[in-house]
Amino acid sequence: MINKDNIKDALHTLGFTENNGVFSKHFTHDDFYLRIDCNQEIINYPEDKGFTVNERQTCNFSSNENFVVLECVHRLFERGYKPQHIELEPKWKLGHGASGGRADIFVRNQQNKPLLLIECKTAGREFEKAWKDTQHDGAQLFSYIEQEKDVEFVCLYASNFSEKENKISIEQRIISHKDNITILNDDPKLKGFRDAKNVKERYAVWKDTYKLEYTEKGIFEENIQPYQIGKEKYTLDIDTKEIEGTDIRGRYHEFRTILRKYNVSRRENAFEVLVNLFLCKIVDETENPNDLKFYWKGIAYDNYFDLVDRLQELYKIGMDKFLQQEIIYISNEQIDKAFWPHKRRRNQVKKEIKEIFRQLKFYKGLDFEFIKVFNKEYFDKNAKVLLEIIQMWQGIRLKTDHQNQFLGDMFEFFLDNGIKQTEGQFFTPVPICKFIVMSLPLEQQIQYTKEPLRMIDFACGSGHFLTEYASQLESLVPTYKKNPMSDYYMNIYGIEKEDRLAKVSKVSAFMYGYDEIHILDADALLPHAEIKEEGFDVLVANPPFAVEDFLTNFEEEQLNRFEMTKHISDVGNKNIQCYFIERAKQLLAGNGTMGIIVPSSVLSNSDAMHIKTRELILQYFDIICITELGSNTFGKTGTNTVVLFLRRKAQKPEPAEIYKDRVEEFFENWLEEKDSRGGEYGDIDVVQEYCNHINIPIELYETLLTGNPSAELLETEMFKGYAKDFYNNTEITNLKKKHRKLIDDLPKTILKELQKQEQKSEKKKLVVKIKKSENTETAELQSNIKQILPERIKLLKAEHEKDIYDRFLAYITENEKEKLYYFILAYNSPNNVLIVKSPTEGKEQKEFLGYEWSGAKGNEGVHYFGGETVNEIQTPMFDPTDRQNSEKINYYIQKNFNGDSFVLPEHLSAYMSLSPTVNLLDFSRVNFSKTISLVEKARRVVETNWELVRIDEL
């Protein structure tokens, strides 16, 4: 507010010259002075040049509003208005029986006809109340119009002086009193200002015909000539400004207030429309900086149909340019062309018109509907909401040539409160995104990779990971490379299957200033021309979990690109996370790093798909760190998750293939391998390490390797477990039953064999003799059977025992081949696994995360511990301002990625531990499902006089 205490500072700011307490300013365009005597507290307007003052009470310091009038008149002079066209406090009757009233400033045009009435108010509450009154019934402004019916514009005006910033800011609401013929011609039932007979009817025209329209610019801007109020062209440089410093929650509250005012209850839909509008504005700033289309020009120069048409054109350009989606848009030029039959037959014209109507009827989505539109009335209602939202953003610049953290934070706030998270789709909280990206060894990767790093998030959702990764590159790339930052940004790729979220990601990238980021509206599990196999150095993602019937979206050929497909038990399988992990294996280049959020069940579920997933992890990745996140991480979902920090193995051919062959060679040629110490591989000692790990002497294990396991080996606990599992197997049980039946049926079998022999015998006489007596025949056959049976039983039992044994040997051999294979893979991991575990108790878990979720109305979303923004968060996981803070967990994950040795600090010991990869796998179990435990498997020998019995045998 400008008042007596700061008027001198305000005048200095306006460029006045002081002489002994008298301030003056010379205006050369008409050679006159504006003088303020602060000693006498008098304001001297240039009445000698025709300036009219009707009431002297305006020319003193008695009211703060007088300073607003002074500042406004000064601004008019600055724009080139002449003194003889300005009048203070013209007095009129306000109507029948009214006491009278005075407008603060009355401006005539160069023909001396009424042009503009200005009502001045002090900034803040007084201005806001006056504007609400105006919207309610027209208040003072429309009463003044009734006295000057030919006036073209009225304005409610306030100015404010900030002593801290030494800056004067203004607020204005400009209402056009000029009829828009386009609007009136469109609907003959509408009344114009020309039809109004009194204040009430005049206000009704503004409310009903022109929907209470106003503009906030059009008088004092640099690119507006004096006496030319309003304009048809708005430019990026003059008519927009950057948004830094605006209250984010205040902006969101303003947005929600507009929605509530018009009873817009579909919050998610409203946010999606807002994203569409952001996309339009970004396109506008890029394509039309000198003639902005995303701008309401005022009712004197614009109408709803033209505004929506401009938005549709911008939206089409944005969707095509940034998301490669073709949107139907029929321009007025296309319609005019279709109706123009020059050199064409009438049928051709008809065909083109029908095609236009078909596209509009069936293909055109309603991309800017806050309120569902189905007739003219609802079009106008929706346009009113749309207009207020546009006016909220039209003066703000969304695109900048630098990273705009404020815009990004603001967009995140709108996003968190704008989209309801649904099954299988939960946005990653920003602190978790920061933690994951801060844990990756980006410094080392940037330094030792010749080309700019290629990064991908193949389930990018709202784009959190993409913008976080880009923001962290800002300080890292210049340290190690001379490449422009754009080289790195253009190598960032996001894939999102849902088109709504793909738009959100692209808009988010623009909001942060990372225009070059690629967003693909596609299914990440399918090949795409822009996505190169084994072509990415960094992958961070939070892919969807448990999506019902996702397999039904794929063709057989597409499914066969995944090894996972061989392990599907039914097409209703919902383990999409397993496919995403295999997709990560396909996309990452050698030594590529990954931080991916998956459900904890990936580490332990015993179904075929999850087992295969763990096999792929062990075969193709080095496990750097597993971070267990608590149930509070994702708010109400309560999903138990882990972050897998993995590095893609770089050797070619794949180590997994080599180790598979080596295990086969160990079992086929053990003695030869032993003599040569593993030949050129020199890897024979790994078998000794495996025997040590499972606590079986290698001398005993060698009997299995040579194909003749000793009785002592078979008496060890693990092999006894094999035997129990093998002999209890249904297949073996049924086989034994079959064997017993063969033995039980042996007498009958021998009888049939003897009878066949008799029939073939050349001793015809003997056969005849036997046939003479049936008793004799039976006795002789029984005698023969008794002689043959014992030996045959012995032979058959031996044969059966060998069959069972061979099967048992094959069973234990295959199991041990698999265990030895995965032991070798784990044993050859170049690093121990860093295990990070979140506390389980609610309060401690929230302190670990550094945030909590709130569902309180008006205060929904994530609330950070330590400050309002994520850059002030307090958590042991990371320091938002320092990637290399050795007091934080992410620092040690980086160290483990880099292969550096380190000692875990005492204050983090409650959260972190280190373990060799082999100790996270349980090789003692018969059913080796490759479960990855987050508790190191301790090997204990129990000294006891009692017989040890496995719990599962009780």
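The residue numbering used here restarts from 1 in each chain and proceeds along that chain's sequence as written. Under the rules for a predicted model, residues below a pLDDT of 70 receive no local features and side-chain atom pairs below 80 are neither given nor counted, while totals for whole chains, interfaces and linings still include all residues. By convention in this description, side-chain values take in all heavy atoms of the structure and omit both hydrogens and water.

## Some thoughts on the side chain of serine 929
Then, number 1: Of note, serine 929 is situated in the segment after β23 (912-915).
Then, number 2: Think of it in three bands: residues with accessible area under 20% of the maximum for their type are buried, residues over 50% are exposed, and the middle band is partly exposed, with areas taken using a 1.4 Å probe on protein chains only. In this structure serine 929 comes out as buried when scored by relative accessible area, which is 18%.
Then, number 3: Apart from residues lying up to four places away in sequence, serine 929 is in contact with Ile611 and Arg614. Starting at the N terminus, helices and strands are each numbered in turn, a helix being any DSSP run of H or I of at least four residues and a strand any DSSP run of E of at least two. The contact definition used throughout considers only heavy atoms, calling two residues in contact when any of these lie within 4.5 Å.

## Some words on empty space enclosed by the protein
It is a probe the size of a water molecule, rolled over the atoms, that shows where empty space is left.
Then, number 1: Site definitions follow a grid-based scheme: protein atoms alone, a 1 Å grid, a 1.4 Å probe that fits but cannot get out for cavities, and for pockets an open set with protein on both sides within 12 Å along at least five of seven lines, plus lining residues having an atom within 4 Å of a point. Grid points are joined across faces, edges and corners, and a volume is the space filled by probe spheres set on the points. Per the stated rule, a full pass over the model turns up five cavities of 30 Å³ or more.
Then, number 2: Considering only enclosed or pocket space, the largest cavity measures out at about 90 Å³ in volume.
Then, number 3: Examining the composition of the lining of the largest cavity, we find that three residues originate from one element, strand β12 (residues 167-176), more than from any other.
Then, number 4: Residue type decides the class: Asp, Glu, Lys and Arg count as charged, Ala, Val, Leu, Ile, Met, Phe, Trp, Tyr, Cys and Pro as nonpolar, and the leftover types, Gly among them, as polar. For the lining of the largest cavity, a count of residues per class yields eight nonpolar, five polar and three charged.

## Concerning the pairing of strand β3 (residues 32-37)
Then, number 1: Whether two strands pair depends on DSSP finding at least two bridges between them. With six bridges joining them, strand β2 (residues 22-27) and β3 adopt antiparallel strand pairing. Pairing of phenylalanine 23 across the sheet is with isoleucine 36, part of β3.
Then, number 2: Where β3 lies against strand β4 (residues 42-44), three bridges are found, and the strand directions are antiparallel. By the bridge assignment for β4, arginine 35 is matched with asparagine 44.
Then, number 3: The hairpin formed by β3 and β4 contains four residues between the paired strands, and glutamate 41 there has a positive phi angle of roughly 55°.

## Observations regarding the sheet that holds β2
Then, number 1: Read across the sheet, four strands follow the order β1-β2-β3-β4 without closing on themselves; strand pairing throughout is antiparallel. Taken across any chain shown, the strands that pair with only one partner, and hence form the sheet edges, are β1 (17-19) and β4. Direction aside, neighbouring strands of the sheet carry axes that sit 20° apart on average.
Then, number 2: Direction of pairing for β1 relative to β2: antiparallel, over a ladder of three bridges. What sits directly across from asparagine 19, in β2, is valine 22. Convention adopted: a line fitted to C-alpha atoms gives each axis, helices being fitted over their contacting stretch, and angles between N-to-C directions are expressed from 0 to 180 degrees.

## Brief notes about the packing of helix α9 (residues 267-287) against helix α19 (residues 499-512)
What describes two packed helices is the angle between their axes and the distance between those same axes.
Then, number 1: At their nearest, the axes of α9 and α19 sit 10 Å apart, and the two run at 50° to each other. Viewed along their axes, α9 and α19 adopt a mutual orientation that is oblique. Taken as a pair, α9 and α19 cross one another with a handedness that is left-handed. Contact residues: Glu268, Phe271, Glu272, Val275, Asn276, Phe278, Leu279 and Ile282 in α9; Arg500, Lys503, Val504, Val507, Phe510 and Met511 in α19.
Then, number 2: Among the residues making up the contact of α9 with α19, the classes are represented as nine nonpolar, one polar and four charged. Here the angle decides the label: under 35 degrees means roughly parallel, over 145 means roughly antiparallel, 65 to 115 means roughly perpendicular, and every other value means oblique. Helix crossings get a hand from a simple test, with the near helix turned counterclockwise from the far one by less than a right angle marking a left-handed crossing and a clockwise turn marking a right-handed one.

## Thoughts on the pairing of strand β15 (residues 518-521)
Then, number 1: Looking at chain direction, strand β14 (residues 492-496) and β15 are connected through four bridges and run parallel. Residue pairing for β15: glutamate 496 is matched across the bridge by aspartate 521.
Then, number 2: Note on handedness: a crossover is taken as right-handed if, strands pointing away from the viewer, the path from the first strand over the helix to the second is clockwise. Once you follow β14 into α19 and on to β15, the crossover reads as right-handed.

## Some points on the nonpolar core
Then, number 1: Throughout, nonpolar core names a set of buried Ala, Val, Leu, Ile, Met, Phe, Trp, Tyr and Cys residues whose side chains join them through atoms within 4.5 Å. Formed by 131 residues in total, the largest nonpolar core has its most connected members in Phe370 and Phe645.
Then, number 2: The leading source of residues in this core is α9, at 11 residues.
Then, number 3: Once residues lying within four places of it in the same chain are set aside, the contact partners of phenylalanine 370 are Phe255, Leu259, Val264, Arg266, Asn269, Ala270, Val273, Leu277, Asn382, Val385, Leu386 and Ile389.
Then, number 4: Within the second largest apolar cluster, 90 residues are counted, among which are Phe550, Leu644, Val686 and Ile835.

## Some thoughts on α9
Then, number 1: In this analysis, the expected span of each helix is defined as 1.5 Å times one less than the number of residues it contains. Counted at 1.5 Å a residue, the expected span for α9 with its 21 residues is 30 Å, and the 30 Å between its end C-alpha atoms agrees.
Then, number 2: Where burial is concerned, most of α9 is hidden: 15 out of the 21 residues are buried.

## Focus on the confidence of the model for the protein
Then, number 1: Looking at the protein as a whole, the pLDDT averages 86, with 87% of positions reaching at least 70.
Then, number 2: pLDDT measures how confident the predictor is about each residue, on a scale from 0 to 100. The low-confidence segment residues 762-775, where pLDDT is below 50, has four contacts with residues more than four positions distant or belonging to other chains.

## Quick look at the packing of helix α15 (residues 430-439) against helix α34 (residues 889-898)
Then, number 1: Interaxial distance between α15 and α34 falls to 8 Å at its minimum, and their mutual angle equals 35°. Here Phe435, Met438 and Ser439 of α15 lie close against α34, whose contacting residues are Ile889, Asn890, Ile893, Gln894 and Phe897.
Then, number 2: Counted by class, the contact of α15 with α34 contains five nonpolar, three polar and no charged residues.

## Section: the environment of phenylalanine 580
Then, number 1: By the element assignment, phenylalanine 580 lies in helix α21 (residues 576-587).
Then, number 2: Residue phenylalanine 580 is classed as buried on the basis of its relative accessible area of 5%.
Then, number 3: In this structure the C-alpha to C-alpha distance between phenylalanine 580 and proline 544, which are 36 residues apart in sequence, comes to 8.6 Å.

## Quick notes on unusual backbone geometry
Then, number 1: Residue proline 653 is reached from lysine 652 by a cis peptide bond, and omega for that bond is -5°.
Then, number 2: Within the secondary structure, proline 653 is located in the loop between β19 (641-648) and α23 (655-668).
Then, number 3: The phi angle at glutamate 89 is positive, at roughly 55°, despite the residue not being glycine.
Then, number 4: Along the chain, glutamate 89 turns up in the loop between β6 (86-88) and β7 (91-92).

## Thoughts on the packing of aromatic side chains
Then, number 1: For Phe, Tyr and Trp, rings pair up if their centres lie within 6.5 Å, where Trp contributes its six-membered ring, and each pair is then called stacked (planes under 30 degrees apart), edge-to-face (over 60) or tilted (otherwise). Inspection of the entire model under this criterion finds 46 aromatic pairs.
Then, number 2: When the ring of tyrosine 157 is compared with that of phenylalanine 220, the centres are 5.5 Å apart and the planes differ by 65°; the resulting orientation is edge-to-face. With tyrosine 157 in strand β11 (residues 153-162) and phenylalanine 220 in the loop between α6 (199-209) and α7 (236-239), this residue pair connects regions lying 63 residues apart in the sequence. An identical accessibility class is assigned to tyrosine 157 and phenylalanine 220; each is buried.
Then, number 3: Between tyrosine 690 and phenylalanine 923 the ring centres are 6.1 Å apart and the planes differ by 85°, which places this aromatic pair in the edge-to-face class. Of this pair, tyrosine 690 sits in helix α25 (residues 685-694) while phenylalanine 923 sits in the segment after β23, and the two are 233 residues apart along the sequence. Across the pair, exposure class does not vary: tyrosine 690 and phenylalanine 923 are buried alike.
Then, number 4: Taken together, the ring pairs in this structure connect Tyr690, Tyr701, Tyr821, Tyr822, Phe823, Tyr827, Phe923 and Phe928 into an aromatic cluster.

## Quick notes on the sheet that holds strand β9 (residues 105-108)
Then, number 1: Strands sit in the order β5-β6-β9-β10-β11-β12 across an open sheet of six strands; the sheet is mixed. Because the sheet does not close on itself, it has two edges, and the strands there are β5 (52-53) and β12.
Then, number 2: Two strands pair when backbone bridges link them, and strand β10 (residues 114-122) and β11 are joined in this way by seven bridges, in the parallel orientation. Opposite leucine 116, over in β11, you have phenylalanine 153 as the bridge partner.
Then, number 3: In this fold helix α3 (residues 125-137) packs onto β10, β11 and β12, with an angle of close to 5° to the strand it touches most, β12.

## Thoughts on the state of the cysteines
Then, number 1: Throughout, disulfides are identified as pairs of cysteine sulfur atoms within 2.5 Å of each other. On inspection of all chains with the given rule, the structure shows zero disulfides.
Then, number 2: Unpaired in terms of disulfides, cysteine 120 finds its nearest cysteine sulfur in cysteine 72, a separation of 4.5 Å.

## Points about α3
Then, number 1: The end-to-end C-alpha distance of α3 is 18 Å, a good match for the 18 Å that 13 residues give at a rise of 1.5 Å each.
Then, number 2: Taken residue by residue, α3 has Phe127, Ala130, Trp131 and Thr134 as its buried positions. Viewed end-on, α3 has its buried residues packed into an arc of 100°, placing them on one side of the element. Looking at α3, the residues exposed on the side facing more than 90 degrees away from the buried face are Arg125, Lys129, Lys132 and His136.
Then, number 3: Glycine 138, located one to two residues past α3, shows a positive phi value of around 95°. Working note: the arc is built from the helix axis to C-beta atom directions.

## A few points about the pattern of salt bridges
Then, number 1: Salt bridge, as used here: a side-chain nitrogen of Lys or Arg that lies within 4 Å of a carboxyl oxygen of Asp or Glu. Taken as a whole and assessed by the stated rule, the structure comprises 49 salt bridges.
Then, number 2: In this structure, the salt-bridge partner of arginine 807 is glutamate 731, at a minimum N-O distance of 3.5 Å. In this pair, arginine 807 sits in helix α32 (residues 774-827) while glutamate 731 sits in helix α29 (residues 730-744), placing the two residues 76 residues apart along the sequence.
Then, number 3: Two residues, aspartate 922 and arginine 925, come together in a salt bridge whose shortest N-O distance is 3.4 Å.
Then, number 4: Via salt bridges that share partners, Glu563, Lys585, Lys612, Glu615, Glu818 and Lys930 belong to a single interconnected network.

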